[in-house]
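# Results of the structural survey
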Amino acid sequence: MNLDETLKNSKKASMDLAALNNKTRNQILQNIKNSLLNNTEYILTENAKDIDNAKENGMTNSMIDRLTLNKQRLNQIADGVENVSTLDEVVNIELEQYTRPNGLKIIKKSVPFGVIAMIFESRPNVCVDIASLCIKTANACVLKGGKEAINSNKALVKTMREAIHDIVDVNIITLIEDNSREITNELITKKEYIDLLVPRGGKNLINFVKDNAKVPIIETGAGNCHLYIHEKANLDMALKVAINAKFSRPSVCNAIENIVVDEKIARTFLPILKDAFDKLSIEIRGDKKVCTIINCNIANDDDFFTEYNDYIIAIKIVNDLNEAISFINEHSTKHSEAIITEDESACNKFIQNIDSACVYHNASTRFSDGGEFGFGAELGISTQKMHARGPMGIKEMTSYKYIIYGTGQIRE
């Protein structure tokens, strides 16, 4: 089956899904949850093939962790599907109603996009997250994952489609198994079938899609995130947050890649940070000032623009809050930034002037996540400003239309 035929089937299936009520869509999600749990061994066996291939190809440990499924993670994925089913309905909701002086009654109503395509890299859980969110919002999904997770993705999609065939057209969930660059080039131009395209992965993927797509897109994912340690920071808190934001899962987009330190506390804080990061085998790359305080690798200009997805951190010393804000805005991907400070005015200025989707005070950037925000799951973290910004939940997966009721009015 060629791509056009596949996408035609997705488009048709989206209409079938849109005709179902919320109760039926929730039942579909419950079936998917049960099927994932019942097929745990099969899914993990297929995932193990991807892990073996990743090791043979020299993938880093942090990226292998991103690829890995186990029983605990699969249970969490299944629970996430059920959580999505419990969310309030957001489709076919009346958002606004008013009557014009000429008697026209105008109603603004939420509707599905139709077909949402997702191009993503090595995290197989994305398959299930996106499918469940799309079903909840009456959208069909077209999924194109990276070759690193092809066996996992095929197993997950097969399991989900088998769970729903008695209720709805299984083409509401479609996996593009061809991993060639040519099929990606073709997919991102199919505006006659795809209503919204979301690239979710590294900077190169996102930039490629942004530069070449003809389908409307939402940019997500690239996470060059910063932690700023202000001169009036609680240093115990700063260390705790820095460790969590870098070490807990370095391969994800909400992990920090840069730490910005005020020079007034640098000589006190950096040796403490260095000792902790050495114990965790985190490589530090510092600017010239940092290298005069602690023993570390010298950072070049590219290091401060790099999303490492690994146990590497770049550190910059700044003179004051203004320089910190300027540095972060220049180098960030507009994802998530944090300040550690006990100074209210410094906090307020940082929050006001940092131009990113999520801005934190005295907390880890690792909370930039649809589940942590109470959305059940997420389509991605939008780093743009049109339509959606930050973690995208089910509200951001709907559009709207106007319905106008008249009694024969004509325009003069």
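Just above, that's the structure.
This write-up is about the structure you can find in this document.

Moving on to the sheet that holds strand E4 (residues 140-144). If you trace the four strands from one edge of the open sheet to the other, you get E5-E4-E3-E6, paired in parallel fashion. The open sheet is flanked by strand E5 (173-175) and strand E6 (196-200), the only strands paired with a single partner. Shown here is a sheet whose adjacent strand axes are inclined to one another by a mean of 15°, direction ignored. Inspection of the sheet shows strand E3 (residues 115-120) paired to E4 by five bridges, in the parallel sense. Each residue of the ladder has a partner; that of Ile 116, found in E4, is Cys 141. Along the sheet, helix H9 (residues 203-212) makes contact with E3 and E6, crossing E6 at roughly 155°.

With that out of the way, let us pick up H9. Restricting attention to buried positions, one finds in H9 the residues Leu 205, Ile 206, Phe 208 and Val 209. Here the buried residues of H9 occupy an arc of 160° about the axis, which is enough to place them on one side. Along H9, exposed side chains directed more than 90 degrees from the buried face belong to Asn 204 and Asp 211. Looking at the packing, one finds that the buried side of H9 touches E3, helix H8 (181-187) and E6.

Within the largest apolar cluster, 69 residues are counted, with the highest numbers of intra-cluster contacts made by Ile 32, Leu 36, Leu 143, Ile 164, Ile 172 and Ile 173. By residue number, the principal contributor to this core is helix H6 (residues 125-136), which donates eight residues. Setting aside residues no more than four positions away along its own chain, Leu 143 makes contact with Met 118, Phe 120, Cys 127, Ile 130, Val 157, Ile 173, Thr 174, Leu 175 and Ile 176. Counting 31 residues, the second largest nonpolar core, distinct from the first, contains Ile 259, Val 290, Cys 296 and Tyr 360.

Another aspect to go through is the packing of aromatic side chains. Throughout the structure, instances matching the rule amount to four aromatic pairs. Between Tyr 228 and Phe 350, the aromatic rings sit 6.2 Å apart at their centres with planes inclined by 20°, giving stacked as the arrangement. Here Tyr 228 is found in strand E7 (residues 225-229), whereas its partner Phe 350 is found in helix H14 (residues 344-353), with 122 residues between them in sequence. The buried category is assigned to Tyr 228, whose relative accessible area is 0%. Note on Phe 350: relative accessible area 0%, which makes it buried. Geometrically, the ring pair formed by Phe 247 and Tyr 311 is tilted, given 5.6 Å between the ring centres and 50° between the ring planes. Of this pair, Phe 247 sits in helix H10 (residues 235-247) while Tyr 311 sits in the loop between strand E10 (297-298) and strand E11 (312-318), and the two are 64 residues apart along the sequence. Residue classification places Tyr 311 among the partly exposed positions, given a relative accessible area of 28%. Lying over the aromatic face of Tyr 400, Lys 108 brings its terminal NZ or CZ to 4.1 Å of the ring centre. The ring of Phe 208 carries Arg 181 above its face, with NZ or CZ at 4.2 Å from the centroid.

Conventions we followed
Residues numbered from 1 in each chain as written. Predicted model: local features only at pLDDT ≥ 70, side-chain atom pairs only at ≥ 80, totals over all residues. Heavy atoms only, no water. Pairing = 2+ DSSP bridges. Helix = DSSP H or I, 4+ residues; strand = E, 2+ residues; numbered from the N terminus. Axes fitted to C-alpha atoms, helices over the stretch in contact; angles between N-to-C directions. Contact = heavy atoms within 4.5 Å. Buried < 20%, exposed > 50% of the residue type's maximum accessible area, 1.4 Å probe, protein only. Arc of directions from axis to C-beta. Core = buried A, V, L, I, M, F, W, Y, C linked by side-chain atoms within 4.5 Å. Phe/Tyr/Trp six-rings, centres within 6.5 Å; stacked < 30°, edge-to-face > 60°. Lys NZ or Arg CZ within 6 Å of the ring centre and 35° of its normal.

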